[in-house]
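# Observations on the model geometry
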Amino acid sequence: MVDAWPQHLFMVGCGNMAGQMLSRWLACGLDPASVTVLRPSGKPVAPGVEVITHFPARFPDGTALILGMKPHQFENVAAELAKVAGTPTMFISILAGTTAAQLRAALPEGANIVRVMPNTPVGVGQGVCALYTDELTELAARSAAEALMRPLGLAEWIADEAQFNLVTALSGCGPAYLFRFIDALGIAAARLGLPEDQAARLALATVRGASTLAVEAGESPGILADRVASPGGMTREGMNVLDAGESLIALLTETLRAARDRGEEMARKA
Ligand SMILES: NC(=O)c1ccc[n+]([C@@H]2O[C@H](COP(=O)([O-])OP(=O)(O)OC[C@H]3O[C@@H](n4cnc5c(N)ncnc54)[C@H](OP(=O)(O)O)[C@@H]3O)[C@@H](O)[C@H]2O)c1
């Protein structure tokens, strides 16, 4: 699925998010012997993947490095990285709220730096990866980063880094909002009388089916919604509640605004 995997992949941190990325890459044919994971716990990651607890003396040639720990750990990690011989071909950062300029200030001069904002469905190849880089990153590194993200789902470049927190609020945090929606759909049906477990099952299957249909239909979700909501029918009556005063859009605008603003606040504090 990827024409040319990095010669060597070095992952700093491999928890919930980076772990999903790695598991998809391995499923798509990445050779586990070409991967090293650094994690303080030393917990195994996947068969054949080397796990270390401290930085090595040197990076192997052709190393692509993924920063996959928490953003507040970046300063310490950068100090450790500076002691390692051999410069990675590129640094891919999934750290939320850490700007390219902040990364550049702490990483080796002239480094190729690509920010990626993935979301957890990358583990099943249906994630979203938003990418951003600055003008100092070489074209070959941009292409290599994009090629690496492609097996994870939709990979899109964001032209304006100022929008990265908004993109994070949408697609990075989005799965959690969808999980809440699925729960809420089931809870609502349970409150109206359906057995709780059955309501939860039906809600989950409905969201799965509807999102698959939305992806495959070739028409906008707005059109699909109107098509199944004939005037005077049940669906239309329910949708009138969601549409009244654009209350759903207003709620989601506030949700994304809160998440985006928190990202900006974290970046200022970093
Ligand atoms: N979760 C999401 O949905 C999501 C979405 C987009 C981006 N992100 C970004 O992904 C990054 C990781 O988030 P997460 O949710 O995956 O966190 P996590 O599950 O807590 O994973 C953090 C990883 O960092 C490792 N680590 C801890 N201290 C370290 C150190 N000093 N040096 C090197 N590695 C260290 C941990 O090691 P152990 O495994 O040994 O504990 C763990 O593997 C964050 O920067 C976040 O902004 C997350």
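Residues numbered from 1 in each chain as written. Predicted model: local features only at pLDDT ≥ 70, side-chain atom pairs only at ≥ 80, totals over all residues. Heavy atoms only, no water.

As recorded in an unreviewed UniProt entry, the chain goes by Pyrroline-5-carboxylate reductase and comes from Sphingobium phenoxybenzoativorans. As recorded by UniProt, the Pathway (unreviewed entry) comment attached to the chain reads in full: "Amino-acid biosynthesis; L-proline biosynthesis; L-proline from L-glutamate 5-semialdehyde: step 1/1." UniProt, in its Function (unreviewed entry) section for the chain, records the words "Catalyzes the reduction of 1-pyrroline-5-carboxylate (PCA) to L-proline." (UniProt positions renumbered as here; feature names shortened; annotations may be inferred.)

Right, let's talk about a nonpolar patch on the surface for a bit. On the surface, a cluster of nonpolar side chains totalling about 380 Å² of accessible area is made up of L178, F179, F181 and L185. Its place among the elements puts L178 in helix α6 (residues 174–191). (Patch = residues over 30% accessible without salt bridge, like charges linked within 9 Å, V, L, I, M, F, W, Y side chains within 5 Å. Areas by Shrake-Rupley, 256 points an atom, 1.4 Å probe, with all protein chains shown as cover. Salt bridge = Lys/Arg side-chain N within 4 Å of Asp/Glu carboxyl O. Helix = DSSP H or I, 4+ residues; strand = E, 2+ residues; numbered from the N terminus.)

The subject of this paragraph is the packing of helix α5 (residues 164–172) against α6. Interhelical geometry of α5 versus α6 gives an angle of 35° and a closest axis separation of 5 Å. Here α5 contributes A169, L170, S171 and G172 to the contact with α6, which in turn contributes G174, P175 and Y177. Counted by class, the contact of α5 with α6 contains four nonpolar, three polar and no charged residues. (Axes fitted to C-alpha atoms, helices over the stretch in contact; angles between N-to-C directions. Contact = heavy atoms within 4.5 Å. Nonpolar A, V, L, I, M, F, W, Y, C, P; charged D, E, K, R; others polar.)

Here we take up the site of the ligand. Taken together, 22 residues lie around the ligand, and C14, M17, R39, S41 and M69 are the ones closest in. Within the backbone of M17, a nitrogen or oxygen atom sits 2.8 Å from an oxygen atom of the ligand. K70 places a polar side-chain atom, nitrogen or oxygen, 3.4 Å from an oxygen atom of the ligand. Against a free-state accessible area of 900 Å², the protein chains account for coverage of 76% of the ligand. (Near = heavy atom within 4 Å. Polar contact = N/O pair within 3.5 Å; in protein donor to acceptor, adjacent residues only side chain to side chain.)

As recorded in UniProt, the feature "domain: Pyrroline-5-carboxylate reductase dimerisation" (unreviewed entry) lies at residues 161–266. Taken end to end, residues 161–266 has its terminal C-alpha atoms 15 Å apart, with 81% of it in helix and 0% in strand.

Another aspect to go through is the pattern of salt bridges. If charged atoms from side chains of opposite charge come close, those side chains can pair. Tallied over the full model, the rule gives 10 salt bridges. A salt bridge links R104 to D134; the nearest nitrogen and oxygen atoms lie 2.6 Å apart. You can see R104 sitting in helix α3 (residues 100–106) and its partner D134 sitting in the loop between β7 (127–133) and α4 (139–149), a full 30 residues away along the chain. Like D134, R104 is buried. The residue R257 makes a salt bridge to E254 at a minimum N-O spacing of 3.1 Å. Residue R257 and its partner E254 are both found in helix α10 (residues 247–269); the two are separated by three residues, about one turn of the helix. Assessed through its relative accessible area of 37%, R257 is described here as partly exposed. (Buried < 20%, exposed > 50% of the residue type's maximum accessible area, 1.4 Å probe, protein only.)

Looking at the chain, the domain boundaries give domain 1 (8–164) and domain 2 (174–267). Relative to domain 2, the C-alpha centre of domain 1 lies at a distance of 33 Å. When domain 1 packs against domain 2, the two sides together hide about 330 Å² of surface, and 58% of this comes from carbon and sulfur. For the interface between domain 1 and domain 2, the tally reads zero salt bridges. At the boundary of domain 1 with domain 2, the tally comes to zero residue pairs in polar contact (both at pLDDT 80 or more). The residue makeup of the side of domain 1 that touches domain 2, split by class, is two nonpolar, four polar and no charged. (Domains from an automatic or database assignment. Buried area = accessible area lost by both parts, 1.4 Å probe.)

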